[in-house]
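A look at the structure
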Amino acid sequence: MDIKITPSKLKGKLTVPPSKSISHRMLICAALSDGTTHIDNLLECMDSHATINALRSLGAKIEGKNGSYRVSGINYPSESASVDCFESGSTLRFMIPIFSAFGCKAQFFGEGKLPERPITPLIQPMTDNGAHFETLSMPYKVSGKLHGGKYYIDGSVSSQFITGLLFALSVLCGDSEIILTSRLESKPYVNITIDCLRQFGVEVAETDTGYFVRGNQRYIAHNCTIEADMSQSAFFLAANCAGSDIELTNLNPYSVQGDKAILDIADRFKNHGDLSVIDASDIPDLVPAIAVMMSFWDKPCTITNCGRLRIKECDRLEATTELINGLGGKAVAHSDSIEIFPVDSFSGGTVKFYNDHRIAMAGAIAATRSTSDVIIKGAECTNKSYPGFFDDFRALGGIADVISV
């Protein structure tokens, strides 16, 4: 589906959709619990449904729709399963350790760029502790059963591997220790995991070298409501910095989401604070929105520590650079950073088909300060994380017309 955005400012109130990161984690905690959990305001998107389907194939009972779900914990884990992760890196990297914790022989497959996204950091520590990888490329075939022990793991590729292990290790018979062999990137996402675990009665202790996880922990069913997604709020905050007037009604300023950093970045933008360098090591998902925003700052900006964007749904570092330049802005990509130079407005153009939801949404926001139309190719990719994005965009006064399907 291709959409044409006719330039116009956005105005009005917006309820930001629920957090995708928290939705994944609450679903998993609920499935690992004794009893039944009710989850309200769960994000309905392809990624969250990938996790729902994976948990069902492991033995959880999950029923619901329209954001309201009832989850009954896993009583009789499956002995074998085939898991379609769609394009969800979170589902894949969380579920491989979880299935192995139950000794469930499983095959994991997916689509889009997911087969190219690495799981290498998981292979050695899991193999050292009872798992067996029959294949080292997708479809991944994993058997064996994890046991408590020491898990040495590289933390520089993705925090998702750490999250997957935290879930898995908490249900093993023995105690375990995650020992990081490098700096942990995107640590705030692990903090989200630990906060969700805590709400379900599971404890994780941070150590000087990583995390200690006591075995045989019991997840206690806990009814919960998912808070607003700071990552998605970034696009509308970027629109405000580009001249729109949107009131975001439901953001939690005390959130554990690391992406709440966008609140401070937007505030500094409006108050002429120092934004010459923005460190993206803990906020990689914000880079496309920040790049659009900083195109309208009064000085050049360098977004650093974002090399890991090259192994997202696409090479998101190059895609962001091409997005900005293709619409008439000015950006230069380096191996681990991107420089953004100020412009008065974008000149319009076509957003290439990267099949990346964050690039498509950034393109739509860029169109609000463009001198001519912006065409977004493959706009349905927003279904991955924000199916209602263009509905909300139109409700705020945006002009988005489907020109081909």
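Relevant structure appears above.
Attention here is on the structure that accompanies the text.

Quick word on the packing of aromatic side chains
Applying the stated rule across the entire model yields nine aromatic pairs. Geometrically, the ring pair formed by Tyr386 and Phe389 is edge-to-face, given 5.5 Å between the ring centres and 80° between the ring planes. A relative accessible area of 3% means that Tyr386 is categorised as buried. In this structure Phe389 comes out as buried when scored by relative accessible area, which is 0%.

Points about helix α3 (residues 89-101)
Three or four residues apart is the spacing at which side chains of an α-helix point the same way, because the helix has 3.6 residues per turn. Here α3 contains 13 residues, and its C-alpha end-to-end distance of 19 Å stays within 8% of the 18 Å for a straight helix at 1.5 Å per residue. The largest bend along α3 measures about 30° and falls at Met95, with the proline Pro97 one to four residues further on. Looking one or two residues past α3, Gly103 carries a phi angle of roughly 70°, positive in sign.

What to know about the pairing of strand β6 (residues 68-72)
Two elements, strand β4 (residues 36-40) and β6, share four bridges in a ladder whose sense is antiparallel. What sits directly across from Thr37, in β6, is Val71. Taken together, the five bridges between strand β5 (residues 61-65) and β6 define a ladder with antiparallel strand orientation. Along β6, the bridge assignment pairs Ile62 with Val71. Linking β5 to β6, which pair antiparallel, is a turn of two residues; within it Asn66 sits at a positive phi near 50°.

Remarks on the sheet that holds strand β12 (residues 176-180)
Read across the open sheet, the four strands follow the order β11-β12-β14-β13; overall the sheet is mixed. Unpaired on one side and paired on the other, β11 (150-153) and β13 (204-206) mark the two borders of the sheet. With direction set aside, neighbouring strand axes in the sheet form an average angle of 20°.

Here's the deal with the sheet that holds strand β23 (residues 374-376)
The strand order across the open sheet formed by four strands is β22-β23-β1-β24, and the pairing between neighbours is mixed. The open sheet has two edge strands with one neighbour each: β22 (349-351) and β24 (399-404). Each adjacent strand pair in this sheet contributes to an overall mean axis angle of 25°, direction not counted. Here strand β1 (residues 2-6) pairs with β24 via five bridges, running antiparallel. Residue Thr6 lies in a different strand from β24, and its bridge partner there is Ile399. With respect to the sheet, helix α11 (residues 357-366) is in contact with β1, β22 and β23, its orientation differing from that of β23 by roughly 160°.

Focus on unusual backbone geometry
In the segment running from Met138 into Pro139, the intervening peptide bond is cis, with an omega of 5°. Within the fold, Pro139 resides in the loop between β9 (131-133) and β10 (140-144). You will see that Asn41, though not glycine, has its phi angle at about 60°, which is positive. Structurally, the position occupied by Asn41 is in the loop between β4 and α2 (46-58). Phi angles above zero are rare outside glycine, and Asn305 is one such case at about 55°. Along the chain, the position of Asn305 falls in the loop between β19 (301-304) and α10 (316-326). Look at Asn305 and you get partly exposed, because its relative accessible area is 35%.

What counts as what
- Along each chain, numbering runs from 1 in the same order as the chain's sequence is written.
- In keeping with the model being predicted, local features are shown solely for residues with a pLDDT of at least 70 and side-chain atom pairs are shown and tallied solely at 80 or more, while totals for entire chains, interfaces and linings include all residues.
- The basis for every side-chain value is the complete set of heavy atoms in the structure, and neither hydrogens nor water enter the calculation.
- Pairing of aromatic rings covers Phe, Tyr and Trp, the last counted by its six-membered ring, and requires centre-to-centre distances within 6.5 Å; plane angles under 30 degrees mean stacked, over 60 mean edge-to-face, and any other angle means tilted.
- Burial classes: relative accessible area under 20% of the type maximum marks a residue as buried, over 50% as exposed, and values in between as partly exposed (1.4 Å probe, protein chains only).
- The numbering of helices and of strands both runs from the N terminus, where a helix is a DSSP run of H or I of at least 4 residues and a strand a run of E of at least 2.
- What a helix should span is 1.5 Å times the count of its residues minus one.
- Given a residue, its bend is the angle between the two axes fitted to the seven residues that end at it and to the seven that start from it.
- In this analysis, strands are considered paired if DSSP registers two or more bridges between them.
- All axes here are fitted lines through C-alpha atoms, helices being fitted over the stretch that makes contact, and every angle between N-to-C directions spans 0 to 180 degrees.
- It only takes one pair of heavy atoms within 4.5 Å for two residues to be counted as in contact.

No statement about biological role is implied by the geometric values presented.
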